[in-house]
Structure formats: C-alpha cells, structure tokens
Amino acid sequence: MRTTVSAPTPVVVAIDGPSGTGKSSTSKGVAARLGMAYLDTGAQYRAITWWMLTRGIDPADTAEVAAAAEKPEIVSGTDPLAPTITVDGTDVSTPIRGAEVTGAVSAVSAVPEIRARITGLQRSIAAEAARSGAGIVVEGRDIGTTVLPDADLKIFLTASPEVRAARRSGELGGPQDAARLAATRADLVRRDTADSSRTASPLARAADAVELDTADLTLEQVIERVGAMIEERRSA
Ligand SMILES: Nc1ncnc2c1ncn2[C@@H]1O[C@H](COP(=O)(O)OP(=O)(O)OP(=O)(O)O)[C@@H](O)[C@H]1O
Ligand SMILES: Nc1ccn([C@H]2C[C@H](O)[C@@H](COP(=O)(O)O)O2)c(=O)n1
C-alpha cells in the first residue's frame, strides 16, 4: 500500500509590532518549527541604510536617499535557522545591527521611494515562498497593513516599553544599571515614535490582526501560541 504525504498548505503570516516585542525571535522559532521560510524586513531596511551611510549619503537628505533607492542590490536568505542579508554581494548581518545604522534607519525607512523598492522585494520573496514551499513568516512594521494585506494570518505583538527595554538591554549585554535601562528605553521609544508617525506606511496594527501582549509570556509560550494559530490556518 502506498501512502502519500501531502505537502502542508502554504500559509503566509505577517507579524508586526514595535521594537523589542519579540517579532524576530518568534518568527524564526515558528518558521523553523513548521518548516516555513522567514523574512526579516527590518534587516532589509537596515541594509539599505548601511549602504547609504557607507556612501556618505546623509540619511536626512531625503532627495539624495530617494535618488539612490534602486542602487544597492539587497538579497535576503529566508532559512529561519540561518537567515542572511547581503548588499552588493557583501554579508552585512553584523554592521547593520550597529548604533550608527540603528540611529539612521528610521529616517531612511520613512522615504517613500525606499519603501516602494523594499516592499517590492518583500512581496516577491513572499510570493515565491507561497508558490514553492510551506509558506513564510514575514516580520516587520507594516506587513499586515501594506506589504501583505491578504496574508492568511496577521499578528501584532505588543509589550510595555519597560519590558521591551529590559529585553533589549539584556540582549545588548553589559551592566543592567538604571541609567543604561533608561537610555535603552528612550531609544526604543524614539524609534517606535518615528516608525509609527511617518506618513509612508507607518508602524500600525492591521484591523484584522490578532494582538498578542508578550509581556507576561515566555518566548516559548509565544512561539507555541503563534504556531497553533498557523496550524489552524493550515487545516482550514
Ligand atoms: N516573550 C519573551 N520573553 C522574554 N524575552 C523575549 C521574549 N520575546 C523575545 N525576547 C527577547 O527579547 C529580545 C528582543 O527580541 P526580538 O529581537 O525578537 O524582538 P523584535 O521585536 O524583533 O525587536 P526589533 O524589532 O528591534 O528587531 C531578544 O533577546 C529575545 O530573545
Ligand atoms: N517592515 C518594516 C521593518 C522595519 N522597518 C524599519 C523601522 C525599524 O525601526 C527599522 C529596523 O527594524 P528592526 O530591525 O528593528 O526590526 O526598520 C520598517 O520601516 N518597516
């Protein structure tokens, strides 16, 4: 007797939320567990910001940033166990996490021409993952509202600035004194305010997104809850 194992129904998942809510950790964990692709859209915006900075382009010069929007070649690897990001063939996974890029990325990502270019990349990657595999988990700020409005499942992660700052501060390492925590919190709030108040595709919760406060949940609990929601969509 032959038994055929059918491929899982491809599911496209959008996970949005402010900085430090656990989008990347949750998305990678769920995608790896369910055999899905993973896309870190923040890394794409960080990568194009890195390119601008290394070319001496002022992130505040929106005209020059816009004029260069199509220039860098940005390639994302979607393996949740080993995601990659290259700019013109160079692995930039480390420099894009630095303070200079973190301080400039909100300004660059507010430029409409930058968003149009990166959104096109994101949609192509998601479409390919839906066509050829089990689907994809795409995490960012505007995935459920703008990039993939027809996603099969939309989730918006939240947590208080205090919780998010403690997590980010813990991630950055070093002494966890009150001053450092306050500085980390201030930087998160600065970036979230910029990301949610910009005109072009701001950070926002889609009306049909499931909101999940992660403050009192472990990462494993969040992964389990999100995974269960995806399994429901697969069997629907
Ligand atoms: N539910 C949780 N409980 C405790 N720690 C968590 C939880 N979720 C994530 N973390 C930790 O918080 C830190 C930030 O998580 P992560 O990078 O996934 O957040 P993010 O929303 O993607 O942030 P950003 O948008 O700035 O990239 C990491 O050290 C991660 O391990
Ligand atoms: N879909 C997205 C993802 C990210 N951004 C911008 C805004 C963020 O502050 C920045 C870095 O993202 P992170 O690495 O912290 O997830 O990139 C955006 O505008 N849209």
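Model, not experiment: these values are computed from the prediction.

> Where do I start with the nonpolar core in this structure?
The nonpolar side chains of a soluble globular protein tend to be buried with one another. The biggest cluster of nonpolar side chains holds 23 residues, and the ones touching the most others in it are Met 52 and Ile 114. Residue assignment for this core shows that the elements contributing at least two residues are helix H2 (41-54), helix H3 (62-67), strand S4 (84-87), helix H4 (99-109) and helix H5 (112-132). For this core, the element with the most residues is H2, which contributes 7 residues. Apart from the residues within four sequence positions on either side, Ile 114 is in contact with Tyr 45, Ile 48, Met 52, Val 65, Ala 69, Val 108 and Ser 109. Grouped together as the second largest cluster of nonpolar side chains are 20 residues, Ile 15, Met 36, Tyr 38 and Leu 212 included.

> Would you mind showing me how to read the site of ligand 2 here?
The local shell around ligand 2 holds 16 residues, among which Arg 46, Arg 115, Arg 191, Asp 195 and Arg 198 are the closest. Note that a nitrogen atom of ligand 2 is positioned 3.0 Å from one of the side-chain N or O atoms of Thr 41. Contacts to ligand 2 include Asp 142, whose side-chain N or O atom sits 3.0 Å from a nitrogen atom. Considering ligand 2 on its own, with 440 Å² of exposed area, one finds that the protein chains cover 96% of that surface. For the shell around ligand 2, the elements supplying multiple residues, two or more each, are H2, H4 and helix H8 (178-197). Here the shell around ligand 2 is built from residues that sort into 3 nonpolar, 5 polar and 8 charged.

> Even after reading the chapter, I still don't get the pattern of salt bridges, so can you show me in this structure?
Opposite charge on two side chains permits them to pair, given that their charged atoms come into close proximity. Under the defined criterion, the tally for this structure stands at 15 salt bridges. Linking Asp 88 and Arg 55 is a salt bridge whose minimum nitrogen-to-oxygen distance equals 3.7 Å. Of this pair, Asp 88 sits in the loop between S4 and strand S5 (90-91) while Arg 55 sits in the loop between H2 and H3; the two residues are 33 residues apart in sequence, bridging distant segments of the chain. Between Asp 192 and Arg 164 there is a salt bridge, and its shortest N-O distance comes to 2.6 Å.

> What's the story with the sheet that holds strand S1 (residues 11-16) in this structure? I'm lost.
Strand pairing within a sheet occurs via backbone hydrogen bonds; the two strands may be parallel or antiparallel. The strand order across the open sheet formed by 5 strands is S2-S6-S1-S7-S8, and the pairing between neighbours is parallel. Two strands close off the open sheet at either side, each with one partner strand: strand S2 (37-40) and strand S8 (210-213). Strand-to-strand twist of the sheet, defined as the mean angle between neighbouring strand axes without regard to direction, takes the value 20 degrees. As paired elements, S1 and strand S7 (residues 153-158) share 4 bridges and run parallel to each other. Across the sheet, residue Asp 16 finds its bridge partner in S7, namely Phe 156. Each of S1, S2 and strand S6 (135-140) touches H5; the most contacted strand, S6, lies at about 155 degrees to it. Helix H9 (residues 219-235) rests against S1, S6, S7 and S8 of the sheet, and its axis sits at about 165 degrees to S7.

Rules of the game
Per chain, residue numbering runs from 1 following the sequence as it is written. The naming scheme follows written order: chains are lettered A onward, ligands numbered 1 onward. With pLDDT at 70 or above as the cut-off, local features in this predicted model cover only qualifying residues; side-chain atom pairs require 80 or more to be listed or tallied, and sums for whole chains, interfaces and linings still use all residues. Hydrogens are left out, water is left out, and the side-chain values use all remaining heavy atoms of the structure. Residues belong to one nonpolar core when they are buried, are Ala, Val, Leu, Ile, Met, Phe, Trp, Tyr or Cys, and are joined through side-chain atoms within 4.5 Å. Relative accessibility decides the category of a residue: with a 1.4 Å probe and only protein chains considered, values under 20% of the type maximum give buried, values over 50% give exposed, and everything between is partly exposed. The numbering of helices and of strands both runs from the N terminus, where a helix is a DSSP run of H or I of at least 4 residues and a strand a run of E of at least 2. Pairs of residues are marked as contacts when any of their non-hydrogen atoms sit within 4.5 Å. Residues are labelled near a given molecule or strand when at least one of their non-hydrogen atoms is within 4 Å of it. Any N or O atom pair separated by 3.5 Å or less is treated as a polar contact, with the protein-specific requirement of one donor-capable and one acceptor-capable atom, and with residues adjacent in sequence counted only for side-chain atom pairs. In this description, accessible areas are obtained by the Shrake-Rupley approach with a 1.4 Å probe, and a residue is regarded as covered only by the protein chains that are shown. Gly is put with the polar residues, along with every residue not named as nonpolar or charged; the nonpolar set is Ala, Val, Leu, Ile, Met, Phe, Trp, Tyr, Cys and Pro, and the charged set is Asp, Glu, Lys and Arg. For this analysis, a salt bridge means a side-chain nitrogen from Lys or Arg found within 4 Å of a carboxyl oxygen belonging to Asp or Glu. Two strands qualify as a pair provided that DSSP identifies no fewer than 2 bridges between them. With axes taken as lines fitted to C-alpha atoms, and helix axes fitted only over the stretch in contact, angles between N-to-C directions fall between 0 and 180 degrees.

Function cannot be read off these values alone, since they describe shape.
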